[in-house]
Amino acid sequence: NGRGPSANFAYDAWNADNEHFTMMALGSNLSDNMLERSIAMFSKFPKDSLWLLDGGSTDHLSSVRSDFFEFIPVTGERYVEGINCKVEGIGSVRVIVTLQNGKKRQITLTKVLYCPDLPKTSKLQPKRLFSQATAEAQGNDFHYTRTGRYITMKDGQNITIHPLGNMNLYFLEL
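Because the structure is a prediction, the values reported are computed rather than measured.

Asks: Describe the state of the cysteines, naming the residues involved and giving the relevant values.
Replies: Should the sulfur atoms of two cysteines be covalently bonded, the bond is a disulfide. All told, the structure shown has zero disulfides when counted by the stated rule. Unpaired in this structure, C85 has its nearest cysteine sulfur neighbour in C115, at a distance of 4.3 Å. Take C85: its relative accessible area is 1%, and that puts it in the buried class. Here C115 falls in the buried class, since its relative accessible area comes to 0%.

Asks: Explain the environment of R149 residue by residue, including any values.
Replies: Its place among the elements puts R149 in strand β10 (residues 148-152). It is 5.1 Å that separates the C-alpha atoms of R149 and I161, two residues lying twelve residues apart in sequence. Once residues within four sequence positions are removed from consideration, R149 is found in contact with H143, Y144, I159, T160, I161, P163 and Y170. A distance of 3.3 Å separates a polar atom in the side chain of R149 from a polar atom in the side chain of Y170.

Asks: Explain the packing of aromatic side chains residue by residue, including any values.
Replies: Here the structure, examined in full by the defined rule, presents four aromatic pairs. Arranged with centres 5.5 Å apart and planes meeting at 70°, the rings of F68 and F71 form a pair that is edge-to-face. Ring plane angle 75° and centroid distance 5.6 Å describe the contact between F71 and Y114, whose orientation is recorded as edge-to-face. Highlighted residues: F71 in strand β3 (residues 68-73) and Y114 in strand β7 (residues 104-114), separated in sequence by 43 residues. Classification of F71 as partly exposed rests on a relative accessible area of 23%. Each residue in the set F68, F71 and Y114 is aromatic and connected to the rest through ring pairs, giving one cluster. Over the face of the ring belonging to F71 we find R65, whose NZ or CZ atom lies 3.7 Å from the ring centre. Directly above the ring of F69 sits R94, whose terminal nitrogen or CZ lies 3.6 Å from the centroid.

Asks: How would you sum up the environment of D54? Please name residues and give values.
Replies: With respect to the helices and strands, the residue D54 is situated in strand β1 (residues 50-54). Residue D54 is classed as buried on the basis of its relative accessible area of 0%. Distance from D54 to F171, taken between C-alpha atoms, is 8.6 Å for residues 117 residues apart in sequence.

Asks: I'd like a description of the pattern of salt bridges, backed by residues and values.
Replies: Close approach of charged atoms lets side chains of opposite charge pair. Counted under the stated rule, the structure contains four salt bridges. Between K86 and E77 there is a salt bridge, and its shortest N-O distance comes to 3.5 Å. For E77, a relative accessible area of 57% translates into the label exposed. Two residues, K120 and D117, come together in a salt bridge whose shortest N-O distance is 3.5 Å. For K120, a relative accessible area of 69% corresponds to the exposed category.

Asks: Kindly report on the sheet that holds strand β6 (residues 89-98), identifying the contributing residues and their values.
Replies: Two strands in a sheet stick together by hydrogen bonds in their backbones, pointing the same way (parallel) or opposite ways (antiparallel). Taken in spatial order, the eight strands make up an open sheet running β3-β6-β7-β2-β8-β1-β13-β12, and their pairing is mixed. Looking at the sheet topology across the chains shown, the edges are occupied by β3 and β12 (162-163).

Parameters and conventions
Residues numbered from 1 in each chain as written. Predicted model: local features only at pLDDT ≥ 70, side-chain atom pairs only at ≥ 80, totals over all residues. Heavy atoms only, no water. Disulfide = S-S within 2.5 Å. Buried < 20%, exposed > 50% of the residue type's maximum accessible area, 1.4 Å probe, protein only. Helix = DSSP H or I, 4+ residues; strand = E, 2+ residues; numbered from the N terminus. Contact = heavy atoms within 4.5 Å. Polar contact = N/O pair within 3.5 Å; in protein donor to acceptor, adjacent residues only side chain to side chain. Phe/Tyr/Trp six-rings, centres within 6.5 Å; stacked < 30°, edge-to-face > 60°. Lys NZ or Arg CZ within 6 Å of the ring centre and 35° of its normal. Salt bridge = Lys/Arg side-chain N within 4 Å of Asp/Glu carboxyl O. Pairing = 2+ DSSP bridges.

Structure representation (C-alpha cells):
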C-alpha cells in the first residue's frame, strides 16, 4: 500500500480521437542509461492506451483536449510546478478499464488538468499522467508486491499496474 517505487522519479505537481494520457517527469534518480532504456521500452507500447503512473503527482494530467467530456477553461496564468507546463483547463475524463477478472468497466477521472504542452516536458513525449495520490485520496488502494502490482478500487475490484521494463516505471492500460 501507499507510495510505490514510482515515487522515485516523481515530481511535485501543482496542488490545486484515439489517444490516451501519458506523462512522466524524469528526475535525477534515473541515469542516462536508464533513461535511454525507458524511452526505448516506452516506444514499444501503443500510446493510445497508456496512462503513466506517478506516485508523486497530486493531479491527473492530459494533453489531449478530446479526452474531456466536461471542460472548464482556466483563466489567467497557471502552471504545473516542477515541469512548468501551462494549465489551460480542468475537467472530467471517462476511461474504460480492464479489471483483473477480464471484465471492462467505465470509470470517470475528475479534476483532470488540461496541459497541451505536456509531451514537451519529457523525452518520452507523454500525453497523460495518472496521479496515485489523487486516486488514493478518492479511496483506492495501491499494492506493490512480489506477486503483482494492482489498484483495489473502492468496490473491491482490481486493476493491474503494468511495469515498464525493470526501471521502477509503471503504467495503466486504460
